[in-house]
Amino acid sequence: SAVISQKPSRDICQRGTSLTIQCQVDSQVTMMFWYRQQPGQSLTLIATANQGSEATYESGFVIDKFPISRPNLTFSTLTVSNMSPEDSSIYLCSVEDSTEAFFGQGTRLTVV
Amino acid sequence: EDQVTQSPEALRLQEGESSSLNCSYTVSGLRGLFWYRQDPGKGPEFLFTLYSAGEEKEKERLKATLTKKESFLHITAPKPEDSATYLCAVQSLLFSGGYNKLIFGAGTRLAVHP
């Protein structure tokens, strides 16, 4: 199993600003995943992050809006840039083993 | 296109009133189907993985079953502490970009009242 610490747990931000979310895992993992969960909707994969390489983004998500860093095998950050109210969501960090996915507690972002 | 649909969106039960949640899916080759529980303000918590039609798994008051087109999460004699959102996800056999993608349903919000 894996324990994931994510911070901040919540934040209220002004439109046009940026927020960086941190994700720390208690073990070394090859891939880390970032999801968005909009109110009443399913989890949507934003991108996958491998250590030492650029993140791979899903359709509809771009690096300029959601830059990701992966400096080592236990840590990653997701930045939500130039925020608008439409970015208000829960952002989740995840890692997987052979049988299941593990999630952080999420970051609840409200953009005003 | 791979897709997961959960029903109902919300379910209200009395304590002890058994029921089932449904997860219908279409996927180009199923690697696994996952059930998660999500409490408010928290990330999803793993419950079960099912790999093939006919498979069943149980944990306390929960039992998950799988067919070729859907999965059910049966809740027997629920208690108020079972109140949560239950998420279903499928993982495709398609290996792209170094991983097998997880596709989530929107979840069923369960409320169990004493």
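See the structure above.
A brief report on the enclosed structure follows.

How each quantity is defined
Residues numbered from 1 in each chain as written. Chains lettered and ligands numbered in written order. Predicted model: local features only at pLDDT ≥ 70, side-chain atom pairs only at ≥ 80, totals over all residues. Heavy atoms only, no water. Disulfide = S-S within 2.5 Å. Helix = DSSP H or I, 4+ residues; strand = E, 2+ residues; numbered from the N terminus. Buried < 20%, exposed > 50% of the residue type's maximum accessible area, 1.4 Å probe, protein only. Contact = heavy atoms within 4.5 Å. Salt bridge = Lys/Arg side-chain N within 4 Å of Asp/Glu carboxyl O. Polar contact = N/O pair within 3.5 Å; in protein donor to acceptor, adjacent residues only side chain to side chain. Nonpolar A, V, L, I, M, F, W, Y, C, P; charged D, E, K, R; others polar.

## Description of the state of the cysteines
Summed over the entire model, instances satisfying the criterion amount to 2 disulfides over all chains. With a sulfur-sulfur separation of 1.9 Å, C23(B) is cross-linked through a disulfide to C88(B). Torsion about the S-S bond of the C23(B) and C88(B) cystine: about -65 degrees, corresponding to left-handed handedness. Of the two residues, C23(B) sits in strand β3 (residues 19–26) while C88(B) sits in strand β9 (residues 84–96), which places them 65 residues apart along the sequence. Across the pair, exposure class does not vary: C23(B) and C88(B) are buried alike. The thiol of C13(A) is not disulfide-bonded; the next cysteine sulfur, from C23(A), is found 18 Å away. Classification of C13(A) by relative accessible area gives buried; the value is 8%.

## Considering the interface of chain B and chain A
On the side of chain A, 21 residues touch chain B, which itself brings 22 residues to the contact. Joining chain B to chain A, the criterion identifies 1 salt bridge. Between E58(A) and K101(B) there is a salt bridge whose closest N-O contact spans 2.7 Å. Counting the contacts that link chain B with chain A gives 4 residue pairs in polar contact (both at pLDDT 80 or more). Elements that contribute at least two residues to the side of chain B that touches chain A include exactly β4 (30–38), β5 (45–50), β9 and β10 (99–104) of chain B. Broken down by element, the residue count for the side of chain B that touches chain A peaks at 5 residues, all from β10(B). Residues belonging to the side of chain B that touches chain A are distributed by class as follows: 10 nonpolar, 9 polar and 3 charged.

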